[in-house]
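Chain by chain, the residues:
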Amino acid sequence: MGEGNLSFRRLSSIRHRKKRTAAKDEAESSLISSSPPPTPITPAAVVAKAAKKKAGGARLWMRFDRTGAMEVVECDKSTIIKRASVPPRDLRILGPVFSHSSNILAREKAIVVNLEVIKLIVTAEEVLLLDPLRPEVLPFVERLKQQFPQNTDASGNVVQSSSLLDQEAGEGLQSELPFEFQVLEIALEVVCSLLDTSVDALETEAWPVLDELTKNVSIENLEYVRSLKSNLTRLLARVQKVRDEIEHLLDDNEDMADLYLTRKWIQQNEQSEAELGETASNRLSRATSNRSSSMVTSNTKDDDVEDLEMLLEAYFMQLERMRNRILTVREYIDDTEDYVNIQLDNQRNEMIQLQLTLTIASFAITANTLLVSLFGMNIHCPLYEMDDVFGYFLSTVTAVCVVLFMLTLGYARWKKLLGS
């Protein structure tokens, strides 16, 4: 699934992020490390409000944070709205009504992702995954576990997020993508893998069926092609929706900048600390430094968009290749249908020519029958009294019939109504 493009993108991202100043890295790492870990969704509170959740439509969610800690609980919409700070309409996007749509929406503190079977809400610290026990979603859960393994200390206890982030800062891992982008990358990888498998299955099924149809035009083969074309249309619509959503993000730098949740979270914490530590004596100098830092932050924001753009472009190219493969199969189906129609038209023309030939023969025989029926009437004629006249008369009438048939047939060929 495009490992070369993804590795090239990661190397470019690392080289780009190493250009940041050491002071900014230390400040960000210290700020992140000082933050408390996200509070888990306690099952006790869930059980206590079971009746209310049933009334509000509780659904199965999985919480997965950056330390690798995870839990699966049932939550209603109000709990998810309060925890992720998303509007209620975003949960409707994750509902069954919009199950076939593809959306990547940036909110103030979260990213709402609805890609095929992957339906989740990403914050700067954790992931809220809807219906994690579905067979189609299990590969995404496994990839999350591989990407964010649960860290333990020597005694076997789970390392908290503050200790983990201190360790990452000491190891110099600030050059990696933010947590939300790593989750988004895993979601795109799983979705692209699912779509690529469907495209492979479509191609494997399409070529033999279409080749068989060119050899034998039967009702069974036509039914196979009809079913194949329906599957192709649905698969093309799925690929097109994901591709259009990524293309929409690539066309708008502001939307891509809004997806940087970790950066917005750091900036909000820096601003709150600055407001708390600000005094009346240094307010003027603080305003001047804020203006200069905002200019640096805006430049950094524009530079960071390139990392997300590289990530999205890699999967956009994969989806574009899938789309081209599907369009190639559809073109082959159209070519096969044209070939079958040409065959049917040729057979239809041959049948028309045969029918025209038989009509000409029937016309000649009808003329012969008319002449014979005239002499068969009970009317006196001198020919009846002549001896051995029947043989000459029959031969003459037959010759006239054959000549009439040949003349009519030659006229039809002269007018190109019949083939040579």
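Residues numbered from 1 in each chain as written. Predicted model: local features only at pLDDT ≥ 70, side-chain atom pairs only at ≥ 80, totals over all residues. Heavy atoms only, no water.

## Re the environment of Q268
Then comes step 1: As for its placement among the helices and strands, Q268 is situated in helix 12 (residues 261-277).
Then comes step 2: Discounting chain neighbours no more than four positions away, the residues touching Q268 are E108 and K109. (Helix = DSSP H or I, 4+ residues; strand = E, 2+ residues; numbered from the N terminus. Contact = heavy atoms within 4.5 Å.)

## A word on the packing of aromatic side chains
Then comes step 1: Here the structure, examined in full by the defined rule, presents five aromatic pairs.
Then comes step 2: An aromatic cluster is present here, built from F64, F148 and F179 joined pairwise through their rings.
Then comes step 3: Directly above the ring of Y260 sits R263, whose terminal nitrogen or CZ lies 4.0 Å from the centroid. (Phe/Tyr/Trp six-rings, centres within 6.5 Å; stacked < 30°, edge-to-face > 60°. Lys NZ or Arg CZ within 6 Å of the ring centre and 35° of its normal.)

## Details of the sheet that holds strand 3 (residues 103-106)
Through backbone hydrogen bonds, the strands of a sheet pair up, either in parallel or in antiparallel fashion.
Then comes step 1: Pairing is antiparallel across the open sheet formed by six strands, whose spatial order is 2-1-6-5-4-3. The open sheet has two edge strands with one neighbour each: strand 2 (70-75) and strand 3. Within the sheet, the average angular offset between the axes of one strand and its neighbour, ignoring direction, is 20°.
Then comes step 2: Looking at chain direction, strand 3 and strand 4 (residues 111-115) are connected through four bridges and run antiparallel. Its bridge partner lying in strand 4, N103 is registered against N114.
Then comes step 3: With respect to the sheet, helix 5 (residues 77-84) is in contact with strand 1 (59-65), strand 2, strand 5 (118-122) and strand 6 (126-130), its orientation differing from that of strand 6 by roughly 155°. (Pairing = 2+ DSSP bridges. Axes fitted to C-alpha atoms, helices over the stretch in contact; angles between N-to-C directions.)

## Some thoughts on the UniProt feature "transmembrane region" (unreviewed entry) in the protein chain
Then comes step 1: This chain's UniProt record puts "transmembrane region" (unreviewed entry) on residues 356-377 and 389-412.
Then comes step 2: Between the first and last C-alpha atoms of residues 356-377 the distance is 32 Å; the span itself is 91% helix and 0% strand. (UniProt positions renumbered as here; feature names shortened; annotations may be inferred.)

## Remarks on the pattern of salt bridges
Then comes step 1: Applying the stated criterion across every chain yields a total of 20 salt bridges.
Then comes step 2: With its nearest N and O atoms 3.3 Å apart, the salt bridge here joins E126 to R63. A residue pair is termed long-range when its members are at least 10 positions apart, and E126 in strand 6 and R63 in strand 1 qualify at 63 residues.
Then comes step 3: For R63, a relative accessible area of 6% corresponds to the buried category.
Then comes step 4: Two residues, E116 and R238, come together in a salt bridge whose shortest N-O distance is 3.0 Å. (Salt bridge = Lys/Arg side-chain N within 4 Å of Asp/Glu carboxyl O. Buried < 20%, exposed > 50% of the residue type's maximum accessible area, 1.4 Å probe, protein only.)

## Section: the pairing of strand 6
Looking along a regular strand, one sees side chains alternate from face to face of the sheet.
Then comes step 1: A large share of strand 6 lies buried, amounting to five of its five residues.
Then comes step 2: Because side chains alternate across strand 6, one face comprises the buried residues E126, L128 and L130, and the other comprises V127 and L129, equally buried.
Then comes step 3: With five bridges joining them, strand 1 and strand 6 adopt antiparallel strand pairing. By the bridge assignment, F64 is partnered in strand 6 with V127.
Then comes step 4: In the sheet, strand 5 pairs with strand 6 via three bridges, with the strands oriented antiparallel. Bridge assignment links L120 to a residue of strand 6, and that residue is L129.

## Regarding the UniProt feature "coiled-coil region" (unreviewed entry) in the protein chain
Then comes step 1: Using the residue numbers shown here, the UniProt feature "coiled-coil region" (unreviewed entry) corresponds to residues 225-259.
Then comes step 2: Segment residues 225-259 splits into 91% helix and 0% strand. End C-alpha atoms: 43 Å apart.

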